[in-house]
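Coordinates in review
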Amino acid sequence: MRTIEHAVAPAGRRTILGAAAVGFLMPSRRAAASPNEQDPWPALASQIFPDRVLEDGSDLFAIDAPYRAEDAAVVPVSMRIAQVPHDTREIRKIVLAIDANPSPVAATFTIEPGSGIDSISTRVRVDDYTNIHAVAEANDGRLYAVARYVKAAGGCSAPALKQTADGIPVGTLRFRVFPAAEPGTDPNRREAQVMVRHPNYSGMQMDQISRLYIPADFLEVLRVWQGDRLLLTVEGGISISENPVFRFGFKPDAAKTFRVEVGDTGGNRYSGVFPAEPAA
Amino acid sequence: MFMIRLRTHLAPKRRGTAIGVVAVFIVVAALLAGRFQVNAQPVAFAIQEIANGDYVHFGQIALSSVDNAADIANIGIVVGTDAVAIIDTGGSVAVGQALREAVGKITGKPVRYVINTHEHPDHIFGNAAFAGSGVIFVGHRNLPASIEAHGPFYLRAFRDILGDDAIARVRLIAPTLLVDDTVKLDLGDRTLLLTAWYPSAHTDCDLTVLDEKTHTLFSGDLVFIDHIPVIDGSLKGWLDVLPKLAALPAERVVPGHGRRAGPWPQALDDEQRYLRTVRADVRGFIAAGKKLTEAVPRVAQSERDRWMLFDEYNPRNATAAFAEYEWE
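Residues numbered from 1 in each chain as written. Chains lettered and ligands numbered in written order. Predicted model: local features only at pLDDT ≥ 70, side-chain atom pairs only at ≥ 80, totals over all residues. Heavy atoms only, no water.

A few points about the overall build of chain B
- Assigned secondary structure in chain B consists of eight helices and 14 strands.
- In chain B, buried positions account for 63% of the 328 residues.
- Sequence separation of 24 or more characterises 68% of the internal contacts of chain B that already satisfy a separation of 6 or more.
- Entry remark: accessible area of chain B is about 11100 Å², with carbon and sulfur atoms responsible for 49%. (Helix = DSSP H or I, 4+ residues; strand = E, 2+ residues; numbered from the N terminus. Buried < 20%, exposed > 50% of the residue type's maximum accessible area, 1.4 Å probe, protein only. Contact = heavy atoms within 4.5 Å. Areas by Shrake-Rupley, 256 points an atom, 1.4 Å probe, with all protein chains shown as cover.)

Focus on the environment of A:Arg247
- Along the chain, A:Arg247 falls in strand 13 (residues 245–250).
- Overall, A:Arg247 belongs to the buried group, its relative accessible area being 8%.
- In this structure, the C-alpha to C-alpha distance between A:Arg247 and A:Phe175, residues 72 residues apart in sequence, is 9.6 Å.
- In this structure, A:Arg247 is in contact with A:Ser119, A:Ile120, A:Ser121, A:Phe178, A:Glu191, A:Ala192, A:Gln193, B:Gly289, B:Lys290 and B:Lys291, ignoring residues within four places of it in sequence.
- Polar side-chain contacts of A:Arg247 include one of 2.7 Å to the backbone oxygen of B:Gly289. (Polar contact = N/O pair within 3.5 Å; in protein donor to acceptor, adjacent residues only side chain to side chain.)

Description of the pairing of strand 5 (residues 105–111) of chain A
Residues and elements named next belong to chain A.
- Buried residues dominate strand 5, accounting for seven of its seven residues.
- Hairpin remark: strand 4 (residues 91–98) followed by strand 5, antiparallel, with six residues in the connecting loop.
- Examined bridge by bridge, strand 5 and strand 12 (residues 229–236) share five bridges and lie antiparallel to one another. In the sheet register, Thr108 faces strand 12, and the bridge partner there is Glu235. (Pairing = 2+ DSSP bridges.)

Brief notes about the domain arrangement of chain B
All names here are of chain B.
- Here chain B is described as being made up of domain 1 (25–266) and domain 2 (267–328).
- The gap between the C-alpha centroids of domain 1 and domain 2 is 27 Å.
- Both sides together, the interface formed by domain 1 and domain 2 hides about 2300 Å², and carbon and sulfur atoms give 68% of it.
- Linking domain 1 with domain 2 are one salt bridge, by the criterion used here.
- Across the domain 1-domain 2 interface, the total number found is 15 residue pairs in polar contact (both at pLDDT 80 or more).
- Listing elements by their share of the side of domain 1 that touches domain 2, those giving two or more residues are strand 12 (216–224), helix 5 (235–246) and strand 14 (262–263).
- The biggest single contributor to the side of domain 1 that touches domain 2 is helix 5, with eight residues.
- Its residues assigned to classes, the side of domain 1 that touches domain 2 comprises 21 nonpolar, five polar and three charged. (Domains from an automatic or database assignment. Buried area = accessible area lost by both parts, 1.4 Å probe. Salt bridge = Lys/Arg side-chain N within 4 Å of Asp/Glu carboxyl O. Nonpolar A, V, L, I, M, F, W, Y, C, P; charged D, E, K, R; others polar.)

As for the sheet that holds strand 11 (residues 207–211) of chain B
All names here are of chain B.
- One open sheet holds the six strands; their spatial order is 9-10-11-12-13-14, and the pairing between them is mixed. A strand with exactly one partner marks an edge of an open sheet, and here the two such strands are strand 9 (182–186) and strand 14.
- The pairing of strand 13 (residues 252–257) with strand 14 spans two bridges and is classified as antiparallel. Across the sheet, residue Arg252 finds its bridge partner in strand 14, namely Pro263.
- Packing against the sheet, helix 5 makes contact with strand 11 and strand 12, and its axis sits at approximately 165 degrees to strand 12. (Axes fitted to C-alpha atoms, helices over the stretch in contact; angles between N-to-C directions.)

Printed below as a string of structure tokens:
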């Protein structure tokens, strides 16, 4: 698969995007996209996946996001396997793209064979009314796409306002394995969540003191191991929300610990080791 | 919030207990005819005197729209023997001008100060009506940076709501008299105590105004009555600020939203209960391993019948609170 470039919007475009609405006490009467407005996806898809055919992926996996986002800077998106029994396809990679965003590719998830990863959720910034596409590459070498339409605007340039002076340093990692939901649920499936304290600057937010645009500085890569076994790699872009959160379903093994490693575009590396069993 | 549904007017569910003497009830009818550009009907701009020398225009409990010209925030007018202070100017220049004309009918004293309680458009977009003529704009020390950083977003967002013409008249005016901690303004036989609040609560630039003569507090959006509180700063910060706010020596409060004044500090009770409920619920859902999407529709549902505009703002509050408290 072609490497995805997480390009930052050129300065000229910032003016327009920077003026997008931040949602507060501001109901938008923005009209729905007119029929004449061109769907950006065909051109975008051929950029991201040149010379590839995208098939309908709805019998392989599903994408979900709220139709109307409450906060354009924190739009929950989840993907999960939705296969019929005996379907032998396995997803190896998922590209999450927000069509209308200045840098549409929000993240690329690489799923290791045998990891049992069957769901991934995160939160993204959405800059305009848009489709969110997820394109999966399966072990049959083919690409499968699903999409979800979301009404939200201004998420990329929304100032990081909801910050509390809680003093939690950038790079702080939290990891949690959730207890099995109920007795009788599949013992071969658990859910875990990684949280990364990071502003994930999009390059389109203004510093409130210096009044300059804050340079983009975002999570570039995140890896999660169960014991010594790599489960999941996330390559991120500016469309992932501040303080990124990734939650995924996986197949537990006998490992006692999980390891998380994170790198940002500023060259900082953060890592942590966490117990496999939830704290009592 | 981005929504298509519009409620241009909601009558209050209950009448507030009468606070102070409603000595004057001025209706500047037809004042706005031809100003609210789409709605050609004359719009009444009502002002009540809620304490001696303290006047209030109660904005509608509604989302901003063309029909209400974003007249959704409460506005205060305090008249001293020398000068007048205005507390917030409404969500459009049309509202600001109606306000200015209404002030002229109350008193011949000049407007010396325009105090903005925070950066939100429904409180500052009327500022242009008072620009020039020696008026001093006053705000929290964080307000200039907030206006500069967020102003363009607000203009863009409100262009869709109020229209190009209304937005073309808006001027983003940064305050020149900044409040670090507290400042007293003398209006002549009447002082105003201005307090800048920390940490971030409703926003990161919340300012309150206490008329020390009548003990009337103009709280800006640190206090909501009947209208659901809206979190745009920090839930934790807001809950931290409330006890300090309650210690102000006031007798009554004019909230930022809500069509009545309230007794002090009892008027904080409902808001505090709501905010604590949101906090308790998100903490519970986070502890139980619920996802954001699972939690949001269930947060603070016990409060649903107690607030106007609950469905419009509660999901957003829940989202913000969840993202804040999962790091607790």
